[in-house]
Amino acid sequence: MIRSLILAGALALGAPLAHAQSNGDTALERLRVPPGFTVELWARVDNPRAMTLGAPGRLYVGSRAGHVSAVPFDPVTMKAGDAVKIARGLNMPVGVAWRKGDLYVSSLDRIVKLPAIDDRLAAPPKPVVVSDRFPKDTAHGWKFIAFGPDDRLYIPVGAPCNICDRDRDGYANIMRMNADGSGLEIYARGVRNSVGFDWHPKTGELWFSDNGRDWMGDDTPPCEINRVSKAGQHFGYPYCHGGDIADPEFGQGRSCGDYVAPAWKLGAHVAPLGMRFYTGSQFPDEYRGALFVAEHGSWNRRERDGYRVMVARLEGNRVVSYTPFVEGFLGRNDAVFGRPADVQVLPDGSLLVSDDAANAIYRIRWNGTRHAALSLH
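Since we're looking at a predicted model, the values are computed, not measured.

About the criteria used
- Residues numbered from 1 in each chain as written.
- Predicted model: local features only at pLDDT ≥ 70, side-chain atom pairs only at ≥ 80, totals over all residues.
- Heavy atoms only, no water.
- Helix = DSSP H or I, 4+ residues; strand = E, 2+ residues; numbered from the N terminus.
- Rg over C-alpha atoms; globule rule 2.2 N^0.38 Å.
- Buried < 20%, exposed > 50% of the residue type's maximum accessible area, 1.4 Å probe, protein only.
- Lys, Arg positive; Asp, Glu negative; His and termini not counted.
- Charge placed at Lys NZ, Arg CZ, Asp CG, Glu CD.
- Pairing = 2+ DSSP bridges.
- Axes fitted to C-alpha atoms, helices over the stretch in contact; angles between N-to-C directions.
- Contact = heavy atoms within 4.5 Å.
- Polar contact = N/O pair within 3.5 Å; in protein donor to acceptor, adjacent residues only side chain to side chain.
- Disulfide = S-S within 2.5 Å.
- Phe/Tyr/Trp six-rings, centres within 6.5 Å; stacked < 30°, edge-to-face > 60°.
- Lys NZ or Arg CZ within 6 Å of the ring centre and 35° of its normal.

Notes on the overall build of the protein
For the protein, the count of helices and strands is 2 helices and 26 strands. Here the C-alpha atoms of the protein give a radius of gyration of 19 Å, agreeing with the 21 Å that 2.2 N^0.38 yields for 377 residues. Structurally, the protein occupies a C-alpha span of about 60 × 50 × 40 Å along its principal axes. A total of 377 residues make up the protein; the buried ones form 58% of that total. The centroid of the 44 positive side-chain charges in the protein is displaced by 2 Å from the centroid of its 42 negative side-chain charges.

Comments concerning the sheet that holds strand E4 (residues 68-72)
Spatially, the 4 strands line up as an open sheet ordered E2-E3-E4-E5, and their pairing is antiparallel. One side of each edge strand has no neighbouring strand; the edge strands of this open sheet are strand E2 (51-53) and strand E5 (84-87). In this sheet, adjacent strand axes meet at a mean angle of 30° when their direction is disregarded.

Some details on the environment of Tyr-259
Turning to its location among the elements, Tyr-259 is positioned in the loop between strand E18 (245-246) and strand E19 (264-265). Using a relative accessible area of 14% as the deciding quantity, one classes Tyr-259 as buried. On a C-alpha basis, the gap between Tyr-259 and Gln-233 in space is 7.7 Å, while along the polypeptide they are 26 residues apart. With residues near it in sequence (within four places) discarded, Tyr-259 still touches His-234, Phe-235, Gly-236, Tyr-239, Cys-240 and Arg-254. Among the polar contacts made by the side chain of Tyr-259, one reaches the side chain of Arg-254 at a distance of 3.3 Å.

Observations regarding the side chain of Ser-194
Along the chain, Ser-194 turns up in the loop between strand E13 (185-189) and strand E14 (197-199). For Ser-194, a relative accessible area of 4% gives the class buried. A polar atom in the side chain of Ser-194 sits 3.3 Å from the backbone oxygen of Gly-196. From its side chain, Ser-194 meets the backbone oxygen of Ser-209 in a polar contact 2.7 Å long. Not counting residues up to four positions away in its chain, the partners in contact with Ser-194 are Pro-156, Ile-174, Phe-208, Ser-209 and Asp-210.

Describing the state of the cysteines
By the definition in use, this model includes 2 disulfides. A sulfur-sulfur distance of 1.9 Å marks the disulfide that ties Cys-161 to Cys-164. Where Cys-161 bonds to Cys-164 through sulfur, the torsion about that S-S bond is close to -80°, and the disulfide is left-handed. The class for Cys-161 is buried, based on a relative accessible area of 1%. Judged by relative accessible area, Cys-164 falls into the buried class, the value being 10%. Disulfide pairing is shown between Cys-240 and Cys-256; the S-S distance is 2.1 Å. Torsion about the S-S bond of the Cys-240 and Cys-256 cystine: about 110°, corresponding to right-handed handedness. With Cys-240 in strand E17 (residues 240-241) and Cys-256 in the loop between E18 and E19, the pair connects residues that are 16 residues apart, well separated along the chain. Given a relative accessible area of 4%, Cys-240 falls into the buried group. We classify Cys-256 as buried; its relative accessible area is 16%. Sequence-ordered numbering of the bonded cysteines in the protein gives a disulfide pattern of 1-2, 3-4. With no disulfide of its own, Cys-223 lies 15 Å from the sulfur of Cys-240, the closest cysteine sulfur.

Things to note about the pairing of E4
Here E4 lies mainly inside the structure; 4 of its 5 residues are buried. Alignment of strand E3 (residues 58-61) against E4, held across 4 bridges, turns out to be antiparallel. When the bridges of E4 are listed, Arg-58 appears paired with Pro-72. The hairpin turn running from E3 into E4, its antiparallel successor, is 6 residues long, and Gly-66 in that turn takes a positive phi close to 95°. Relative to E5, E4 runs antiparallel, the two sharing 3 bridges. Paired with Ser-69 across the bridge in E5 is Lys-85.

Here's the deal with the sheet that holds E13
With antiparallel pairing, 4 strands are arranged side by side in an open sheet as E10-E11-E12-E13. Two strands close off the open sheet at either side, each with one partner strand: strand E10 (146-147) and E13. The pairing of strand E11 (residues 153-157) with strand E12 (residues 173-177) spans 5 bridges and is classified as antiparallel. Bridging from a neighbouring strand, Leu-153 pairs with Met-177 of E12.

Some details on the packing of aromatic side chains
Considering all chains together, one arrives at 24 aromatic pairs under this definition. Taken together, the ring pairs connect Phe-37, Tyr-278, Phe-283, Tyr-287, Phe-292, Phe-325 and Trp-366 into an aromatic cluster. When the ring centre of Trp-142 is taken as reference, the NZ or CZ atom of Arg-64 above it lies at 4.3 Å. The lysine or arginine in question, Arg-254, covers the ring of Tyr-239, its NZ or CZ lying 3.7 Å from the ring centre.

Here is the structure:
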C-alpha cells in the first residue's frame, strides 16, 4: 500500500518518461491516419492538455504547467495564429470550459473563471474564484471540466491514491454544480480518475473515461469507458474493476454485480484522457456519432501501451468496435514521440489532437473519396 501511494505521487507530480522527445520536436512525421485523412501541425502550445472552443475563432487550452493558453484561429479557414498565455500561476489548470463568454478553469482545489475573455486576449482579466470546495490532494487532483446539456459544470474528483476507500470523504466521483458555484452535488460514484467526458449527441447521457488502478499486473485491470444512464450510479472503484475483477484489498465481501459495468474495457494502463463524440459533417458518415478517445499511454507497464487516438463506434448505447485512428506516437523499443491528451472537433468538422509531450496540437482533415472511406472496413 505504501509503495502504491509513493508511486502514485510520483505520477501525479509528472514523473518523466524515458525516450520522450525534446520540446522542439513533434510526432508529426511519424503519425499514421486512415486512408483519406491528412494530419498537420496546427499550433505550438506549451504543455497542451484539455481543449474547449470559445466564441468563433477562439480555442482555449489548459495545462499541468500552471498556465492557460488561447489559440486564435480564422473561423473560415481554421488556420491558427500564435498561442497566447491568458493565465499564469495556477495549480494544474488542466480543465477549461467556455460558457456565455466566460472561461472556466479547474485549478487544483478550485474552479475559477476569466470573464468576457474572448476579446481580452491581449489584456486578460484576473481569475475570479467560482468555488473553492474541492480537495487539495495532488494525486489525481487535476480536473477535466465541461458544461453539460443541463448547463451545469461537471467536475471529477479523483481518488487521492492508487487504491483506497475514500468515498465517504468525497473522493472518486464526478460532481456537478451551477455556473455560479451553487448546488454542488455528486453525480457519479466509484470513479477512480476520469480525465475526460462528453455527452451523447442524441441521448444526452454522460460518457466518461476512467483510468484503472496500478500494481495488479501489466494486463489487469482494464481502463474503462463508462456510460451514466442515471444520476447516482456507482462504477465500482475501489471494490471492483472492469465490471468483473474484485480488488484484492477492498473487494472482499463485495459483488461486482452491484456496480455499473464499463461500456467498453480498454487495455490496462493505456490512460484514456480526453474523449469527444464526433458531431461534425466533414468526416465520412461512418464517423458520425463515433467517440474519439485520446489514450495518453502507460507509464509503468513493461511494454508501453496506448499512445494513440482511438475511435469507438456505437449502435445505440452499445460500443460495437474500438479501433486505432491516429498512431505513431509510440515507436520501436518503446520510444515515445508524443502523448495525446485531448481531442476537439473544430467548426469545419476537422479534429484537433493535443500532445502535451511535444507541445503541439495537430489537426486531422478528411481529403479522401467515398471509395477511401469504404476501404477502412
